[in-house]
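The chain contents come next:
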Amino acid sequence: MALSALSLGPSNINPLSYSIFNSLKFPPFWQTQKVNIGPLSVSPMGFGTWAWGNQLLWGYQQSMDKELQQVFNIALENGVNLFDTADSYGTGSLNGQSEKLLGRFIRDFQEQKGSGSDIVIATKFAAYPWRLTPGQFVDACRASLERIQIEQIGIGQLHWSTANYAPFQELALWDGLVAMYDKGLVKAVGVSNYGPKQLLKIHDYLKKCGVPLCSAQVQFSLLSMGEDQLEIKSICDSLGIQLIAYSPLGLGMLTGKYSPSTLPTGPRGLLFKQILPGLDPLLSSLREIANKRRKTMSQVAINWCICKGTVPIPGVKTIKQVKENLGALGWRLSSDELLQLEYAAQESPRKMIQNIFQTR
């Protein structure tokens, strides 16, 4: 059964209530459509784990861990092998919880299934002000390896640039990436929240050191199509750097589940209140295409990212979410649909607020 033939119902009806999702098992045909990130072969979509341990923004509780393990297993069983995390994911005493959970879930999956050797963990190392030397950055990498309990990280990423506020620290962080690569602690290196100018600088610096820059992670979605994002994408394409798109659903604003009168709790609700009233053209187009294709709005928004040549990493914390997001794979929007969505995005007066750490 092809993914495009899945009958999910109109997007204004909760498709996850359909019985098909109770026994969902996606066919393996799309799993041959891997994406190369340096020496690594990854699925065309990964999953982000920012919510795993974050109580403030995502309401994490340790009672969720059993379902998170199931989320992880379902993803792997359906061919998704890329999981993005960070050493700063987890609030307060739960700092590093996302990495710890991934490590535990990997071990449990391998014990139960006897497979999982192709799992790619991409973790990000925070540019904390006390990480002032390459050695301290290497120590951060070793600490992540200890939390995840693996011998080598797939993609070691610099979480953000300090060029805007502590330029003297930047070179030490770059040298830290070089050192962890040379020591074999990571298979590939990448960056996150780098604007076009800094992206070119670090690419050239790493190249001189004999280290390829394999990935650049940036906020990229139908809500984040600014000049910087498009320039970053162009640079990545020209230099052979894979763009990883975080927040492909705009923190949930593109799912169709929220409105100005139905907002999420916590800090997200304040942000949504500012942006959602100006998204009618975009949300209407997403809904129209979703209805026509019998997909959900989330699946259409994620598929747009895939069609643009990025590897989206939507966050997942429930079984319903992982099953729905998997429905973004195995099909492609038409060129007319892509243009319709991009025109609607331009016609929507509100855009996603950019990460304050993103440089020019």
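None of these values were measured; they are calculated from a predicted model.

Hey, could you go over the overall build of the protein chain for me, with residue numbers and the actual values?
Helix and strand content of the protein chain: 12 helices and 10 strands. Of all 360 residues assigned to the protein chain, the portion counted as buried reaches 57%. For the protein chain, the share of sequence-separated contacts (at least 6 apart) that also reach a separation of at least 24 residues comes to 78%.

Describe the packing of helix H4 (residues 134-148) against helix H5 (residues 167-182), listing the residues and the values that go with them.
A pair of packed helices is characterised by two quantities: the angle between their axes and the separation of those axes. At a minimum axis distance of 7 Å, the contact between H4 and H5 shows a crossing angle of 50 degrees. Comparing their axes, H5 and H4 come out oblique. Taken as a pair, H4 and H5 cross one another with a handedness that is right-handed. From H4, Pro134, Phe137, Val138 and Cys141 reach across to H5, where they touch Ala172, Leu173, Asp175, Gly176, Leu177, Ala179 and Met180.

Pulling in residues and values, what's your account of helix H11 (residues 319-326)?
For H11, every residue scored as buried is listed here: Val322, Lys323, Glu324, Asn325 and Leu326. Summarising the contacts, the buried residues of H11 are in contact with strand E3 (47-48), helix H2 (65-77) and helix H10 (297-307).

Can you break down the confidence of the model for the protein chain residue by residue, with the values?
Summary statistics for the protein chain give a mean pLDDT of 88 and a share of 88% for residues scoring 70 or more. The low-confidence segment residues 1-23, where pLDDT is below 50, has 49 contacts with residues more than four positions distant or belonging to other chains.

Give me the lowdown on the pairing of strand E6 (residues 153-158), citing residues and values where you can.
Among the six residues of E6, six are classified as buried, and the element is accordingly described as predominantly covered. Read from strand E5 (residues 120-125) through H4 to E6, the crossover connection turns out right-handed. Between the parallel elements E6 and strand E7 (residues 186-192), the chain passes through H5 in a crossover that is right-handed.

Before we move on, could you go through the side chain of Thr123 and cite the residues and values that matter?
With respect to the element layout, Thr123 can be found in strand E5. A distance of 2.6 Å separates a polar atom in the side chain of Thr123 from a polar atom in the side chain of Glu99. The residues contacting Thr123, other than those within four sequence positions of it, are Thr85, Ala86, Asp87, Glu99, Ser144, Ile153, Ile155, Gly156 and Gln157.

Before we move on, could you go through the pattern of salt bridges and cite the residues and values that matter?
Overall, the coordinates contain 10 salt bridges when judged by the stated rule. For Asp84, the salt bridge goes to Lys124, with nearest N and O atoms at 2.5 Å. On the criterion of sequence distance, the pair formed by Asp84 in strand E4 (residues 82-86) and Lys124 in strand E5 is long-range, its members being 40 residues apart. For Asp84, a relative accessible area of 4% gives the class buried. Between Lys292 and Glu337 there is a salt bridge, with its nearest N and O atoms 3.1 Å apart. In this pair, Lys292 sits in helix H9 (residues 280-293) while Glu337 sits in helix H12 (residues 335-347), placing the two residues 45 residues apart along the sequence. The exposure class assigned to Glu337 is buried, which follows from its relative accessible area of 4%. Here the salt bridges do not stand alone but share partners, grouping Lys292, Arg293 and Glu337 into one network.

How would you sum up the packing of aromatic side chains? Please name residues and give values.
The way to describe two aromatic rings as a pair is by their centre distance and the angle between their planes. This structure, assessed with the given rule, holds nine aromatic pairs. The interplanar angle of 20 degrees and the centroid separation of 4.5 Å between the aromatic rings of Tyr128 and Trp130 together place this pair among those described as stacked. A connected cluster of aromatic rings, assembled from ring pairs, spans Trp52, Phe72, Phe83, Phe105 and Phe109.

Explain the packing of H2 against H11 to me, and be specific about the residues and the numbers.
Where H2 meets H11, the closest approach of the two axes is 9 Å, and the angle between their N-to-C directions is 20 degrees. The angle between H2 and H11 falls in the class roughly parallel. Crossing of H2 against H11: the hand is right-handed. Each of Glu67, Gln70, Val71, Ile74 and Ala75 in H2 lies in contact with H11, whose residues at this interface are Ile319, Val322, Lys323 and Leu326. Of the residues assigned to the contact of H2 with H11, the class counts are six nonpolar, one polar and two charged.

Tell me about the side chain of Glu99, residues and numbers included.
Following the sequence through the fold, Glu99 ends up in helix H3 (residues 97-113). Within the local environment of Glu99, its side chain forms a polar contact with the side chain of Arg147, the two groups lying 2.6 Å apart. Discounting residues that sit within four places of it in the chain, Glu99 has contacts with Thr85, Ala86, Asp87, Thr123, Ser144, Arg147 and Ile148.

Can you break down the pairing of E5 residue by residue, with the values?
Counting buried positions along E5 gives six out of six residues, so the element sits mostly inside the fold. Bridging between E4 and E5 involves five bridges; their strand directions are parallel. Bridge pairing in E5 links Asp84 to Ala122. Taken together, E4, H3 and E5 constitute a β-α-β crossover, and its handedness is right-handed. Relative to E6, E5 is paired through four bridges, and the arrangement is parallel. Note on E6: the bridge partner recorded for Ala122 is Ile155.

Parameters at a glance
Residues numbered from 1 in each chain as written. Predicted model: local features only at pLDDT ≥ 70, side-chain atom pairs only at ≥ 80, totals over all residues. Heavy atoms only, no water. Helix = DSSP H or I, 4+ residues; strand = E, 2+ residues; numbered from the N terminus. Buried < 20%, exposed > 50% of the residue type's maximum accessible area, 1.4 Å probe, protein only. Contact = heavy atoms within 4.5 Å. Axes fitted to C-alpha atoms, helices over the stretch in contact; angles between N-to-C directions. Parallel < 35°, antiparallel > 145°, perpendicular 65-115°, else oblique. Left-handed = near helix turned anticlockwise from the far one by under 90°. pLDDT = per-residue confidence, 0-100. Right-handed = clockwise from strand over helix to strand, strands pointing away. Polar contact = N/O pair within 3.5 Å; in protein donor to acceptor, adjacent residues only side chain to side chain. Salt bridge = Lys/Arg side-chain N within 4 Å of Asp/Glu carboxyl O. Phe/Tyr/Trp six-rings, centres within 6.5 Å; stacked < 30°, edge-to-face > 60°. Nonpolar A, V, L, I, M, F, W, Y, C, P; charged D, E, K, R; others polar. Pairing = 2+ DSSP bridges.

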